[in-house]
Amino acid sequence: MLEWLQQADDIWQYLGLFILAILPWIDIFVVVPLGILWGLSPVVVSIVGFAENFLMIVLLALFFRQLAAWRQRRRERKGITAPTKRETRARQIWERYGIPGLSIVAPILLGTDLAALLALSFGSSRMRVVVWMGVSLVIWTVILAQGSVYGFGYMKWI
């Protein structure tokens, strides 16, 4: 699929990046450098990557109660009672630094989707989670876009 996307027209490549960003384990850390590597506009790639990740956070915040109930039922069926390593790590970060710290570190350690779910389950308000995750996404999107543009540009010199 990635080969087809790389050879497709620009609009299909942007749409493909948007769809890739929907997947929980593929965040802006993959989408932004990949789009820039394909030769797409860094600004548009950044906007597409940010928009999709932010959209997912807003949807998670809106439907958190339903997702939490489903997740609890699923964990009970599997017999899981203890928190996972990721949940424990996120809880430690959240207790020490609050939602701002979790949102800034989350894209590296957990992914924004999981971090937003965990922050909501720890009792943070929906609005705070959406705002802080949005701030984090803006920061990381800019860093990744700049790093990718200058990093790939530097590689052409070598």
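Keep in mind the model is a prediction, meaning the values are calculated, not measured.

Engineer: What am I meant to see in the overall build of the chain here?
Structural biologist: Along the chain, the regular secondary structure elements total eight helices and zero strands. Each helix and strand of the chain, ordered N terminal to C terminal, gives the series α-α-α-α-α-α-α-α. Looking at the chain as a whole, 40% of its 158 residues qualify as buried. Considering only residue pairs separated by 6 or more positions, the chain has 65% of its internal contacts joining residues 24 or more positions apart. As presented, the chain carries roughly 9600 Å² of accessible surface, and 67% of it is formed by carbon and sulfur atoms.

Engineer: I'm lost on the packing of aromatic side chains in this one. Help?
Structural biologist: For any two aromatic rings, the description comes down to two numbers: the centre-to-centre distance and the angle of the planes. Within this structure, the stated rule accounts for two aromatic pairs. Ring geometry for Phe29 versus Trp140: centroids 5.2 Å apart, planes at 50°, classification tilted. Within this pair, whereas Phe29 is found in helix H3 (residues 28-37), its partner Trp140 is found in helix H8 (residues 126-157), the two being separated by 111 residues in sequence. For Trp140, a relative accessible area of 15% corresponds to the buried category. On the numbers, 5.5 Å between centres and 10° between planes, the contact of Phe50 with Phe54 is stacked. Here Phe54 and Phe50 lie together in helix H4 (residues 42-62), a separation of four residues that amounts to about one turn.

Engineer: Just to check I follow, could you spell out the nonpolar core for this structure?
Structural biologist: Among soluble globular proteins, nonpolar side chains are generally buried collectively. With 37 residues, the main nonpolar core has Leu17, Val32, Val45, Leu102, Val129 and Met133 as its most contacted residues. Residue assignment for this core shows that the elements contributing at least two residues are helix H2 (10-22), H3, H4, helix H6 (85-109), helix H7 (112-121) and H8. Discounting chain neighbours no more than four positions away, the residues touching Leu17 are Val31, Leu34, Gly35, Trp38, Leu40, Val45 and Val48.

Engineer: Where do I start with a nonpolar patch on the surface in this structure?
Structural biologist: Residues Phe29, Val30, Ile104, Val105, Ile108, Leu109, Met127, Val131, Val135, Ile139 and Ile143 make up a contiguous nonpolar surface patch of roughly 850 Å² in combined accessible area. At the level of secondary structure, the elements contributing two or more residues to the nonpolar patch comprise H3, H6 and H8. Looking at the nonpolar patch element by element, the count peaks at five residues for H8. Its place among the elements puts Ile104 in helix H6.

Engineer: Before we go on, may I ask you to explain a positive patch on the surface in this structure?
Structural biologist: On the surface, Arg73, Arg74, Arg77 and Lys78 cluster together into a patch of positive charge. Residue class for Arg74 comes out partly exposed when judged on its relative accessible area of 37%.

Engineer: Would you take a moment to explain the packing of H3 against H4 for this structure?
Structural biologist: Think of two packed helices as two axes; the pair is described by the angle between the axes and how far apart they sit. One can describe the packing of H3 onto H4 by two numbers: an axis separation of 9 Å at closest approach and a directional angle of 160°. The angle between the axes of H3 and H4 places the two elements in the roughly antiparallel class. Between H3 and H4 lies a crossing of right-handed hand. Across the interface between the two elements, Ile28, Val31, Val32, Gly35 and Ile36 of H3 pack against Pro42, Val45, Ser46, Gly49, Phe50 and Asn53 of H4. Looking at the contact of H3 with H4, its residues break down into seven nonpolar, four polar and no charged.

Analysis parameters
- Residues numbered from 1 in each chain as written.
- Predicted model: local features only at pLDDT ≥ 70, side-chain atom pairs only at ≥ 80, totals over all residues.
- Heavy atoms only, no water.
- Helix = DSSP H or I, 4+ residues; strand = E, 2+ residues; numbered from the N terminus.
- Buried < 20%, exposed > 50% of the residue type's maximum accessible area, 1.4 Å probe, protein only.
- Contact = heavy atoms within 4.5 Å.
- Areas by Shrake-Rupley, 256 points an atom, 1.4 Å probe, with all protein chains shown as cover.
- Phe/Tyr/Trp six-rings, centres within 6.5 Å; stacked < 30°, edge-to-face > 60°.
- Core = buried A, V, L, I, M, F, W, Y, C linked by side-chain atoms within 4.5 Å.
- Patch = residues over 30% accessible without salt bridge, like charges linked within 9 Å, V, L, I, M, F, W, Y side chains within 5 Å.
- Salt bridge = Lys/Arg side-chain N within 4 Å of Asp/Glu carboxyl O.
- Lys, Arg positive; Asp, Glu negative; His and termini not counted.
- Charge placed at Lys NZ, Arg CZ, Asp CG, Glu CD.
- Axes fitted to C-alpha atoms, helices over the stretch in contact; angles between N-to-C directions.
- Parallel < 35°, antiparallel > 145°, perpendicular 65-115°, else oblique.
- Left-handed = near helix turned anticlockwise from the far one by under 90°.
- Nonpolar A, V, L, I, M, F, W, Y, C, P; charged D, E, K, R; others polar.

The analysis is restricted to geometry; functional conclusions fall outside its scope.
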